[in-house]
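Below are the chains, spelled out letter by letter.
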Amino acid sequence: MSGDYLLPRIASPEDPLRLAVLISGGGSGLRALLRYQSDGPRNHVTSLVISDLKSAGGLSHASDLEIHNLAIPLSQDLKGLERRKEHEDRIMEALVSNDIEMVVLSGYMRILTPTFVAEWKGRLVNIHPSLLPEFPGAHAQRDAINARVKVSGCTVHFVDEGVDTGTIIEQRSVPVLPGDTVETLTQRIKAVEHELYPKVLDDISSGRIST
Ligand code: GRF
């Protein structure tokens, strides 16, 4: 991994790494992570959940467990880069004021600016529903089906300035079956995502991932 990734500290169950999870949708991955964290002593804890959409169903998974959660929507008044920057400034404020040590993207549908990425590089991870570098972007499952591949899967990677291009940490494969739809493939991939993401967060917060 290149030198500009600054990894988080090695944590312990007594002093777990404080995560913020960023979502935009239903948050099934968030729910799986919260269950995993409440199931036993872990080296990481979800201290904050942020959605860019007020309507994101996933916020309720955090509320149910009384985990601090915020909707931070885009400004209605600003446009373009100014709007993105103002939005990220508000996210950054929430991260700092909640002593967040690492940012976990879990179905967060916005591309972060290079300024934001530079602040968190090495402490900013994403999960993507394909075996990167194959099928980056927002339609990974559809693209895999259209390409008639027999195997797809998911990838956890550090986020860099590109789209789904950061250093790969770990992947899991699933078969693509004849007759699969985007929905059936998505569900098969999510089942493995829900195991892989907590495991990778264990590895990072325990110092098992090195540069
Ligand atoms: C996951 O499939 C993840 O790979 C992608 O977005 C999806 C999020 O699903 N980045 P959910 O909101 O966690 O159900």
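Predicted, not measured: the structure shown is a model, and the values here were computed from it.

Re the packing of aromatic side chains
At step 1: By the definition in use, this model includes 1 aromatic pair.
At step 2: Considering the side-chain rings of Tyr5 and Phe158, the 5.4 Å spacing of their centres and the 50° angle between planes classify their relative orientation as tilted. On the criterion of sequence distance, the pair formed by Tyr5 in the segment before strand E1 (17-23) and Phe158 in strand E6 (residues 151-158) is long-range, its members being 153 residues apart. There is no split in this pair, since Tyr5 and Phe158 are both buried.
At step 3: Its guanidinium or amino end placed over the ring of Tyr36, Arg42 lies 3.6 Å from that ring's centre, counting from NZ or CZ.
At step 4: Cation over ring: Lys121 sits above Tyr5, and NZ or CZ is 5.2 Å from the ring centre.

Thoughts on the side chain of Ser28
At step 1: Within the fold, Ser28 resides in helix H1 (residues 28-38).
At step 2: On the basis of relative accessibility, which here comes to 18%, the residue Ser28 falls in the buried class.
At step 3: Side chain to side chain, Ser28 and His194 meet in a polar contact 3.2 Å long.
At step 4: Non-local contacts of Ser28, meaning those with residues more than four positions away in its chain, are made with Lys190 and His194.

Rules of the game
- Residues numbered from 1 in each chain as written.
- Predicted model: local features only at pLDDT ≥ 70, side-chain atom pairs only at ≥ 80, totals over all residues.
- Heavy atoms only, no water.
- Phe/Tyr/Trp six-rings, centres within 6.5 Å; stacked < 30°, edge-to-face > 60°.
- Helix = DSSP H or I, 4+ residues; strand = E, 2+ residues; numbered from the N terminus.
- Buried < 20%, exposed > 50% of the residue type's maximum accessible area, 1.4 Å probe, protein only.
- Lys NZ or Arg CZ within 6 Å of the ring centre and 35° of its normal.
- Polar contact = N/O pair within 3.5 Å; in protein donor to acceptor, adjacent residues only side chain to side chain.
- Contact = heavy atoms within 4.5 Å.

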